[in-house]
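What the coordinates show
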Amino acid sequence: IDQSKIRNFCIVAHIDHGKSTLADRLIERTGVLTQREMSAQVLDNMDIERERGITIKSQAVRMVYKAQDGEEYIFNMIDTPGHVDFGYEVSRSLAACDGAVLVVDATQGVEAQTLANVYLALDHNLDVFPVINKIDLPSAQPQEVKDEVEDIIGIEAQDAPLISAKNGIGIDEVLEAVVHKIPAPTGDPSAPLKSLIFDSVYDPYRGVIVFVRIKDGVLKKGMKVKFMQTGAESEVVEVGYFGPGQFIPCEELSAGMVGYFTASIKNIQDTRVGDTVTSSDTPCAEALPGYKQVMPMVYCGIYPADSARYPELRDALEKLQLNDASLFYEPETSQALGFGFRCGFLGLLHLEVIQERLEREYDLDLVTTAPSVVYKIYKTDGTSFDLTNPSNLPDPSEIDHMEEPIVNGEIMVTTDYIGPIMQLCQERRGRYLSTDYVEQTRAILKYELPLNEIIYDFFDALKSRSRGYASFDYEIKGYETSSLVKLDILINKETVDALSFIVHKDGAYERGRKMCEKLKEEIPRHLFEIPIQAAVGGKVIARETVKAMRKDVLAKCYGGDISRKRKLLEKQKEGKKKMRQIGSVEIPQNAFLSVLKLD
Ligand code: GDP
Ligand code: MG
């Protein structure tokens, strides 16, 4: 295949601006699939993605487009996730492309993640061109949005295609723009093989399927290849490209092409995303610049509700990790919850997605403990470590100081809501940096914020205080010393490890009080009184009490219909499974999660 006829591109957008819908239209229009074959959205192939409208796992599709110049072009479209949590996946998919289509919603204009994604694309030297979507909506303001793209982002937008991805308007214009505005790849097919791993999936029959972009040379069946970073070597069993929802084998992949190969690789860790694959016999001189290592930023404990299902949980996590190298897990035990796993995630959304997949795809009932960011603990004896589980915090007397992660946050907001949003950032210990007016009615607020203040409900709070008119994006800045304390919750005088929490000392009282109030609502009455206390360093700072109940719950059944009584007992048994025994107190499972949502 002639390289000048190849276009490798991705679509980037702020969430909900129509990236997946446009991707589907392009696939449909180039005729890879007939309309009937299109399930609702081909590229978002996981249930949860479809429901939440987000794209998690990068997917690639090859299309053949007959352009107006009469030539046939091969398009490789690589779908990128649209959420800040998945920033790393966005970036690795970008490295396989030569250009990007920027989708901007004509009713919303440029938003925080529009900017963030464009900057990422420009960082990877991609040529970016905009398309204005949703022009079918009455509130669309295509001209204003074009001006905005030019003013805020600084890329030419006057001739941007005006489209409706939903109604199939302007799709041909987008396809032509891909031909003319995205550069053809420029690798050397006769040089030694140099290819970039941008993703991989595990297949139980074929082993790891490695997704590659060939930069130079040729990749063929039977070839011996070497993974430059890990040093692993194997023989290529199959090469091919991405049909919609399927892998299509072919003879070879040459410079400029995007495709996959298999090589009976059993361990996904051998095929690190960002690694360079070369030929064992004639290796290339140097590897491509790699990616930064992914660091999980948010940790929580995940426990099976029914402890007998621990092995199933372990198997499920193992399987999920094969497809998601950014998921971390290791066994842990909790006094309150028994055997489970400490899991690490890129962010809170990532956590929720994994939790939902475990529950839905593996049919597991889970108890999840409060998520925590990673703190750096410096001890008085001169040692230090990363704390991922608050209950492992050493005694305060052994701690010299602690550090917490800080992010650089950018909030794009209409000027009406600047006040409430600034107040929110203040409450979350934000450090104000600047306000840039991007036009009369919109501004970008810049704040430094502690990560632990934004991982729970910051997005929700932002949306509700701006009526949906604010968007947010952040990147990790680094660690800073902070006055942090561990908040313990005692139920009936026993510390419940799964509820321990690291919090800034100024917020400890407020948080403790709210957690006690919430737990009081969640914990049912027992035959005895149950004190619920919040404590910092052994000192109680808040208290609530669950009053004792009277004894006659089953009384109404006595003498009654036996089957009714049995039913009631069965119901109780069922209910019990969803309870956790802490000392002599039964705590409902959802109490562990409800304490996160305190506002
Ligand atoms: P993504 O998050 O960028 O992938 O966005 P989606 O493609 O999932 O689209 C988000 C929502 O916008 C969905 O409800 C789509 O049906 C809707 N949408 C996408 N394109 C258009 C369009 O051109 N017009 C209208 N009215 N709605 C659209
Ligand atoms: Mg999508």
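Residues numbered from 1 in each chain as written. Chains lettered and ligands numbered in written order. Predicted model: local features only at pLDDT ≥ 70, side-chain atom pairs only at ≥ 80, totals over all residues. Heavy atoms only, no water.

**A word on the UniProt feature "binding site: GTP" (unreviewed entry) in the protein chain**
With numbering aligned to this structure, UniProt lists the feature "binding site: GTP" (unreviewed entry) at Asp16, His17, Gly18, Lys19, Ser20, Thr21, Asn133, Lys134, Ile135 and Asp136. Checked against the element boundaries, Gly18 lands in the loop between strand 1 (6–13) and helix 1 (19–29). Once residues within four sequence positions are removed from consideration, Gly18 is found in contact with Val103, Asn133 and Ala165. Relative to the helices and strands, Thr21 resides in helix 1. (UniProt positions renumbered as here; feature names shortened; annotations may be inferred. Helix = DSSP H or I, 4+ residues; strand = E, 2+ residues; numbered from the N terminus. Contact = heavy atoms within 4.5 Å.)

**Considering the site of ligand 1**
The environment of ligand 1 is formed by 16 residues, the closest being Asp16, Lys19, Ser20, Thr21 and Asp136. Separating an oxygen atom of ligand 1 from a backbone N or O atom of Asp16 is a distance of 2.7 Å. Note that an oxygen atom of ligand 1 is positioned 3.0 Å from one of the side-chain N or O atoms of Lys134. Surface burial for ligand 1 is 80%, taken as the share of its 570 Å² of free accessible area covered by protein chains. Of the residues forming the shell around ligand 1, the biggest block, three residues, is contributed by helix 1. (Near = heavy atom within 4 Å. Polar contact = N/O pair within 3.5 Å; in protein donor to acceptor, adjacent residues only side chain to side chain. Areas by Shrake-Rupley, 256 points an atom, 1.4 Å probe, with all protein chains shown as cover.)

**Re helix 11 (residues 458–465)**
Since the α-helix turns once every 3.6 residues, residues separated by three or four places project in the same direction. Turning to helix 11, its buried residues are Phe458, Ala461 and Leu462. Summarising the axial view, the buried residues of helix 11 lie within an arc of 100 degrees, below the 170-degree limit, and thus occupy one face. Opposite the buried face of helix 11, at more than 90 degrees from it, the exposed residues are Asp460 and Ser464. Where the residues of helix 11 are buried, they touch strand 23 (399–414), helix 9 (418–427), strand 25 (442–450), helix 10 (451–454) and strand 26 (470–482). (Buried < 20%, exposed > 50% of the residue type's maximum accessible area, 1.4 Å probe, protein only. Arc of directions from axis to C-beta.)

**A look at empty space enclosed by the protein**
According to the stated counting rule, one finds one cavity of 30 Å³ or more in the structure shown. Of the voids in this model, the largest cavity is the one considered here, and its volume is about 40 Å³. Lining the largest cavity, in full, are Ala370, Pro371, Ser372, Tyr375, Pro390, Tyr456, Ser500, Phe501 and Ile502. Residue classes in the lining of the largest cavity are distributed as seven nonpolar, two polar and no charged. (1 Å grid on protein atoms, 1.4 Å probe; cavity = no way out; pocket = protein on both sides within 12 Å on 5 of 7 lines; lining within 4 Å. Points joined across faces, edges and corners; volume = space filled by probe spheres on them. Nonpolar A, V, L, I, M, F, W, Y, C, P; charged D, E, K, R; others polar.)

**Let's talk about the packing of aromatic side chains**
Counted according to the given criterion, the structure contains 17 aromatic pairs. On the basis of an interplanar angle of 45 degrees and a centroid distance of 6.1 Å, the ring pair of Phe242 and Tyr260 is categorised as tilted. Of this pair, Phe242 sits in strand 11 (residues 238–243) while Tyr260 sits in strand 14 (residues 258–262), placing them 18 residues apart in sequence. Between Tyr432 and Tyr447 the ring centres are 5.5 Å apart and the planes differ by 70 degrees, which places this aromatic pair in the edge-to-face class. Remark: Tyr447 occurs in strand 25 and Tyr432 occurs in strand 24 (residues 431–439); sequence separation between them is 15 residues. An aromatic cluster is built from Phe198, Phe211, Phe242, Phe247 and Tyr260, whose rings are joined through pairwise contacts. Over the aromatic face of Tyr241 sits the side chain of Arg62, whose NZ or CZ is 3.6 Å from the ring centroid. The lysine or arginine in question, Lys376, covers the ring of Tyr479, its NZ or CZ lying 4.7 Å from the ring centre. (Phe/Tyr/Trp six-rings, centres within 6.5 Å; stacked < 30°, edge-to-face > 60°. Lys NZ or Arg CZ within 6 Å of the ring centre and 35° of its normal.)

**Examining the state of the cysteines**
Scanning all chains against the criterion turns up zero disulfides. Summary of cysteine pairing: Cys300 is not part of a disulfide, and the nearest cysteine sulfur, belonging to Cys343, is at 6.0 Å. (Disulfide = S-S within 2.5 Å.)

**Focus on the pairing of strand 25**
Among the nine residues of strand 25, eight are classified as buried, and the element is accordingly described as predominantly covered. In textbook terms, the turn of a hairpin is the stretch between consecutive antiparallel strands, and for strand 24 and strand 25 this stretch comprises two residues. (Pairing = 2+ DSSP bridges.)

**A closer look at the sheet that holds strand 10 (residues 233–235)**
Taken together, the eight strands give an open sheet; going across it, the order is 10-9-15-6-7-14-11-12, and neighbouring strands pair in antiparallel fashion. Edge positions in the open sheet fall to strand 10 and strand 12 (246–250), since each of these has one partner strand only. Direction aside, the axes of adjacent strands within the sheet are offset by 40 degrees on average. (Axes fitted to C-alpha atoms, helices over the stretch in contact; angles between N-to-C directions.)

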